[in-house]
Amino acid sequence: MFGETSPKGSACVLIEKEDDRFTVSGKACRGTIDASFASRGLDTPEAAIKASVVWADLLDIPLIYVRD
């Protein structure tokens, strides 16, 4: 899911373009909370960014990566 440019073991969110859709996936490790999510695909880059920011803010994730 996360490639060479995203840190392994760190909390982050990744936006990727796949054909005509954008996928958002994330991981967070905070003490007793381990959380992850993956969207089914979003139609616009704006929707992908909005979903990423909401999830990152909710879990205090400092990094959002974009991969084309």
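Keep in mind that what you see is a predicted model, and the values were worked out from it rather than measured.

Asker: Got a minute to help me understand the pattern of salt bridges in this structure?
Answerer: Per the counting criterion, the structure on display carries two salt bridges. Linking Arg-67 and Glu-16 is a salt bridge whose minimum nitrogen-to-oxygen distance equals 3.0 Å. Here Arg-67, found in strand β4 (residues 64-67), pairs with Glu-16, found in strand β1 (residues 12-18); they are 51 residues apart in sequence, far enough to count as distant. For Arg-67, a relative accessible area of 27% translates into the label partly exposed. Since its relative accessible area comes to 18%, Glu-16 is described here as buried. Here Asp-43 ties to Arg-21 by a salt bridge, and the two come within 2.1 Å at their closest N and O atoms. Of the two residues, Asp-43 is situated in the loop between β3 (33-38) and α1 (45-58) and Arg-21 in strand β2 (residues 21-30); the sequence distance between them amounts to 22 residues.

Reading the values: rules and limits
Residues numbered from 1 in each chain as written. Predicted model: local features only at pLDDT ≥ 70, side-chain atom pairs only at ≥ 80, totals over all residues. Heavy atoms only, no water. Salt bridge = Lys/Arg side-chain N within 4 Å of Asp/Glu carboxyl O. Helix = DSSP H or I, 4+ residues; strand = E, 2+ residues; numbered from the N terminus. Buried < 20%, exposed > 50% of the residue type's maximum accessible area, 1.4 Å probe, protein only.

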